[in-house]
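The chain contents come next:
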Amino acid sequence: MTQVNAVRRPANPLDETRDRTPAPPAAAKESAVVVYKGQSYWSNVGRRLRSDPTTVVCGLIVLAIILVSVFAPLIAPMDPYQAKMLGRLAPIGTAGHPLGTDELGRDMLSRLIYGGRISLMMGLTPVGVALAVGGLLGVVAGYAGGWVNMMIMRFMDVFYAFPSIMLAIAISGALGAGIGNGMLALTLVLIPSITRVTESVTTQVRAYDFVDAARATGASTTRVIVTHVLSNVLGPIFIFATSLVSVSIIIASGLSFLGLGVSPPEADWGLMLSTLRQAIYINPMLCALPGIMIFVTSLCFNLMSDGLRSAMDVRL
Amino acid sequence: MTAAARMEKVAIAPDGGALAKSSAQPLLIVRNLRKYFPVKGGLLNRSVAQVKAVDGVSFQVMAGEVLGIVGESGCGKSTTARLLMHLLTPDEGEVIFDGLGLGARDGMTVKELRRNAQMVFQDSYASLNPRLPVEDTIAFGPMVHGLPRAEAKQRARGLLEDVGLAPERFGRRYPHELSGGQRQRINIARALALQPRLVFLDEAVSALDKSVEAQVLNLLVDLKEEFNLTYVFISHDLNVVHYISDRVLVMYLGKVVEVGPVGSVYSRPAHPYTRALLSSQPSMDPDRRKTEPPLSGDPPTPINPPSGCRFRTRCAFAEEICGRVEPPLLGFGDAGAHQSACHMNSAGSGHSLAAPAGTAA
Amino acid sequence: MALSAAMKSEAPSAAPAEKIVEVEDLHVKFVSKDATVHAVNGVTFNLDRGEVLCILGESGSGKSVTLRALMRLLPERRTRLSGRIQVAGHDIMTLNAAGLSRVRGEVVSMIFQEPMTALDPVFTIGRQIAETVLRHEDVTREDAYKRALDLLELVQIPSARRRLHAYPHELSGGLRQRAMIAIALSCRPAILLADEPTTALDATVQIQILLLLRQLQEDLGMGVIFVTHDLGVAGEIADRIAVMYAGRFVETGPVRGVMRDPLHPYTQGLMASTVHGHMKGQRLRTIEGAPPNLESVSDGCSFAPRCAHATDRCLVRPPDERRPSAGRMARCVLVDD
């Protein structure tokens, strides 16, 4: 076989190979040649995200909520479990309790801060796990096609047929109450939709010529998927997953509201909504507070997901 | 190599008679290649019909030549290339590469085939992975076959230079930062990364502007000389195929209808379809405009091809025999190098225009 | 070819050449957050009644944008149009939405490259033709369908009566293209705009459609502006050719003149680099370099970076139009006036 690089053609300055993008600032002529580093797709996406005000604001809000939840023991002014029967349902603005107290006299602000931990965990963890499991199943189904695809997708369809919250309630009820079971139920509920989206995107990418070219080099299926398919499939799946976070937070709150997730005296926004129901005629604003937190968090994730989608929709 | 010397090497006899060039053993022999695609439908998504995309295709490719394959949509030329690269699994057929049967016991495995034969795809955004710098795309093949990363990158950079792109300026770029012609050069470099002997070019210049097409064609000719390659050039553009090929093969609805030296086929086409195809080319001379289209109607789909000769539904010379018997691919003229599948050219076939049986071709 | 009597009688008789399209100094810019693309940079031309003008150019030359500007089919928000566009007496730039809607289809209509996306997949082609007729003319539904049938026969669709009730996906590529031509002609426009209508078709179908278009153009006396990148197609169908590069017409003239004796270096390069069988064995002549990035307007001639004859004069300002003989124009300092 002839050796590559046998003949070097002299560079023709007027050749078509003259690039269209402007040259990078020239380094010193004597030193080594300037290596032009391309603008990758993800760096483009990052740039567009940073320039979108809605996404930035929502991102900061979410970051703030997460940080507050993580550092709850340091930030919360009082013990969230400290009950005080005499000071029940104190209105917002009471001295010592800036956001009032709940039906057992516990400080609302502290409970909201601590509640964020569980609510966020129940919202984010199932999405993360479902992304891993559903993503894997979807890629396998999309790449393999044929009966493997049929088996996986029809199996998912069974779960998909149930409305998500009913399915979550059913699974959770069967497993029993508790945070762990609640998260498991949510994960199982989220997997089918992620699988479906992943399969659809993978099927599209699978048909592209560069995947065929990679197969044509004799690479194993795993290698082709890891190097070529995954990076192209991750984008749309990630968008979908971030939009699922908001759904997950709401369903998690719903489960807790129904008593299937967290149990008292844990602080959790959904549970707080449930227990504060009785106070709705006495102090309506107090009941709204956990709801507002759920709403804000969920909305911010949703808007970030939208921002991500339009940033990734860049026509290259 | 000076430009003049390079031009000399490229020049071939005007009638394209180049068969005496290389050794007698063909590099690639294809026999009775067949691929049907099921058409799903009905309640349980069962197969209701079959797309007979490639139906008994046989040909040879000699080492060092350029075999052009032409045909319109539905003829099966792209499917044939993919079958030969084993990107699709043939239903039937024998492929012999350099004397070794593919899949035979002491023949060649598919992985070995992939080291010997590679493909250049049509330029589109889908031909290169948008997430990888082009250098990595080129280096992927060698790494798959065991070359350490650093050496693979080195080879990739060398190839970039060979296709005329400075490695420092283009190596780390992403496909979206390149023009169509540059992307196609990357496609070519990727195909050459495994140092193949045979390269399939599937509409490799079709999506490019005319001025860029000329540059890439020049590059392909240079690379062929430099690396001693054999090309199978698939295109719908008859002019480009005429320019670059030594021999040409014409396909229609999954079958080979004519094959032969390019000069012979283009100046004395034997099959009525080839004749119609050649005269369908719009002329660049405004004084020689056509008044009648050579062929009416659209090419039929390969789902239920006509019985016998598949071209008979559009052929001006179709007769009863054409519907009954499929015409075999027969040679005529000197050494039988020019072959066509038409009853009119086969002595004793029963067609009114054919020579009577027993006549020398 | 049988042309229904009704259509033929209404075709304008051979009238003295009058200008039905007048374009003066057309500029089209696309503005977005990232960049401004100067797609068309000062295009001026006229079209006579019954004439076929071919706009020849490669990708990025601005030819499709010019065509769409004639009907203002460009996205409203991002586009900045300037210049004068007069189509059969209507001033396109000042028309409001209602006026535009009336002009489109009745006075000027367009056929596109990809018939599958240009036809609505959920309606039969008979319905789509009839709908256009009903939109513009005051006839009954029955008459509209009758006209649709006449049109399908005009574009030589076999079994026209049956095909009236066919959906686009049931037709082959060539038939879909004919159906699109039928829709475009349904209101007997004076001008037909064609945006690479044969590029996506097979060779044997392409020649049929080209001949059909030529026949229809002769019979109905329409003015046609045909955009293509294929020199062969231009040779087959054009009366006049305008070569476009980087948003400007760099050469115009009658088809024989431009193809046999091109004046502008770009046109010469295009002719020379178009691949032909008789170039076999020789190295192909190429135009070096690549088309310019339209995000910036160059000071001088936009072709200068790739031109073998470029001098300092070429970099100062864009060359003005030189007319060496009647009907020929070239934007090059090397061409004498």
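Remember, it's a predicted structure, so these values are computed and weren't measured experimentally.

On to the overall build of chain A, then. Helix and strand content of chain A: 11 helices and 0 strands. Listing every helix and strand of chain A by position from the N terminus yields α-α-α-α-α-α-α-α-α-α-α. Looking at chain A residue by residue over its 316 residues, the buried ones come to 39%. Counting contacts in chain A only where the partners sit at least 6 residues apart, residues at least 24 apart contribute 70% of the total.

What follows concerns the overall build of chain C. Counting secondary structure elements, chain C contains 13 helices and 11 strands. Against the globule reference of 20 Å for 337 residues, chain C gives a C-alpha radius of gyration of 21 Å, in line with a compact fold. Taken along its principal axes, the extent of the C-alpha atoms in chain C is 65 × 50 × 45 Å. Considering chain C as a whole, with its 337 residues, one finds that 47% of them fall into the buried category.

Looking now at the sheet that holds strand β10 (residues 248–254) of chain C. Residues and elements named next belong to chain C. Reading across the sheet, the 7 strands line up as β6-β7-β8-β3-β9-β10-β11 and stay open at both edges, with mixed pairing between neighbours. Edge positions in the sheet fall to β6 (108–111) and β11 (329–330), since each has one partner strand and no second. Here 4 bridges tie strand β3 (residues 52–56) to strand β9 (residues 240–245), and the two strands are oriented parallel to one another. Within β9, the position partnered with L53 by the bridge is R240. Helix α8 (residues 173–185) rests against β6 and β7 (191–195) of the sheet, and its axis sits at about 170° to β6.

The interface of chain C with chain B comprises 40 residues on the first partner and 40 residues on the second. Where the side of chain C that touches chain B is concerned, the elements lending two or more residues are α8, α9 (203–220), α10 (231–237), α11 (255–260) and α12 (265–273) of chain C. Among the elements that take part in the side of chain C that touches chain B, α9(C) stands out by supplying 7 residues, more than any other. Taken together, the residues that form the side of chain C that touches chain B break down as 16 nonpolar, 17 polar and 7 charged.

Time to look at helix α11 (residues 272–279) of chain B. Within α11(B), the full set of buried residues consists of B:P272, B:Y273, B:T274, B:A276 and B:L277. Where the residues of α11(B) are buried, they touch α9 (238–244), β9 (247–252), β10 (255–261) and α10 (262–267) of chain B together with α9 of chain C.

The next point concerns the confidence of the model for chain A. Reading fine detail from the predicted coordinates is not recommended where pLDDT is low. Residues and elements named next belong to chain A. Overall, the prediction assigns chain A a mean pLDDT of 81, with 87% of residues at 70 or greater. Here helix α1 (residues 41–50) is the element of chain A with the lowest mean pLDDT, 80, and helix α7 (residues 179–206) is the one with the highest, 92. Taken together, the stretch residues 1–32 has pLDDT below 50 and engages in 40 contacts with residues farther than four places along the chain or on a different chain.

Residues and elements named next belong to chain C. Pairing in this open sheet of 4 strands is antiparallel, and the strands run β2-β1-β4-β5 from one edge to the other. The open sheet has two edge strands, β2 (36–48) and β5 (90–91), and neither has a second partner. Bridge count for strand β1 (residues 19–31) against β2 is 10 bridges, and the pairing is antiparallel. From the neighbouring strand, V31 faces β2, where its bridge partner is T36.

Residue and element names in this part refer to chain B. Burial analysis of strand β7 (residues 198–202) places 5 of its 5 residues in the buried class, which makes it a mostly covered element. Neither face of β7 is open: one carries L198, F200 and D202, the other V199 and L201, and all of them are buried. Strand direction decides the pairing type here: strand β6 (residues 117–120) and β7, joined by 4 bridges, are parallel. From the neighbouring strand, Q118 faces β7, where its bridge partner is V199. Relative to strand β8 (residues 230–235), β7 runs parallel, the two being bridged by 5 bridges. When the sheet's bridge partners are listed, L201 is paired in β8 with F233. Of the crossover connections in this fold, the one passing from β7 over helix α8 (residues 210–227) to the parallel β8 is right-handed.

We now examine helix α9 (residues 221–257) of chain A. An α-helical turn contains 3.6 residues, so any two residues separated by three or four positions project in the same direction. Residue and element names in this part refer to chain A. In a regular helix each residue adds 1.5 Å, so 37 residues correspond to 54 Å; α9 covers only 46 Å between its end C-alpha atoms and thus falls short of that length. When the local axis directions of α9 are compared, the greatest deviation, roughly 50°, occurs at V229. Count one or two residues on from α9 and you reach G259, which has phi positive near 85°.

Residues and elements named next belong to chain C. Among the 5 residues in β7, 5 count as buried, and that is most of the element. In this structure, β6 lies alongside β7, joined through 4 bridges in parallel fashion. Within β7, the position partnered with V108 by the bridge is I191. As judged from the 5 bridges shared by β7 and strand β8 (residues 223–228), these two strands associate in the parallel manner. Its bridge partner lying in β8, L192 is registered against V224. The handedness of the β7 to β8 crossover, carried by α9, is right-handed.

In this fold, B:K210 is placed in helix α8. Judged by local crowding, B:K210 falls into the partly exposed class, with 19 C-beta atoms found within 10 Å. When near neighbours in sequence (up to four residues on either side) are disregarded, B:K210 contacts C:E58, C:H229, C:L270, C:S273 and C:T274.

Turning next to unusual backbone geometry. A positive phi angle, close to 60°, is found at B:H86, a residue other than glycine. Examined against the element boundaries, B:H86 turns out to sit in the loop between α2 (77–84) and β4 (92–97). The class of B:H86 is buried, set by 20 C-beta atoms lying within 10 Å. Not every positive phi belongs to a glycine, and C:S159 is a case in point at roughly 50°. Checked against the element boundaries, C:S159 lands in the loop between α6 (141–154) and α7 (160–163).

We now examine the confidence of the model for chain C. Residues and elements named next belong to chain C. Averaged over chain C, the pLDDT score is 87; the fraction of residues at 70 or greater is 95%. Under a pLDDT of 50 for its full length, residues 1–15 has, in the predicted model, 18 contacts with residues more than four places off or in other chains. Per the prediction output, this complex has pTM 0.82; the corresponding ipTM is 0.84.

Calculation criteria
Residues numbered from 1 in each chain as written. Chains lettered and ligands numbered in written order. Predicted model: local features only at pLDDT ≥ 70, side-chain atom pairs only at ≥ 80, totals over all residues. Helix = DSSP H or I, 4+ residues; strand = E, 2+ residues; numbered from the N terminus. Buried ≥ 20, exposed ≤ 12 C-beta atoms within 10 Å, placed from the backbone. Contact = placed C-beta atoms within 7 Å. Rg over C-alpha atoms; globule rule 2.2 N^0.38 Å. Pairing = 2+ DSSP bridges. Axes fitted to C-alpha atoms, helices over the stretch in contact; angles between N-to-C directions. Nonpolar A, V, L, I, M, F, W, Y, C, P; charged D, E, K, R; others polar. pLDDT = per-residue confidence, 0-100. Right-handed = clockwise from strand over helix to strand, strands pointing away. Expected span 1.5 Å × (residues − 1). Bend = angle between axes of the 7 residues up to and from the residue.

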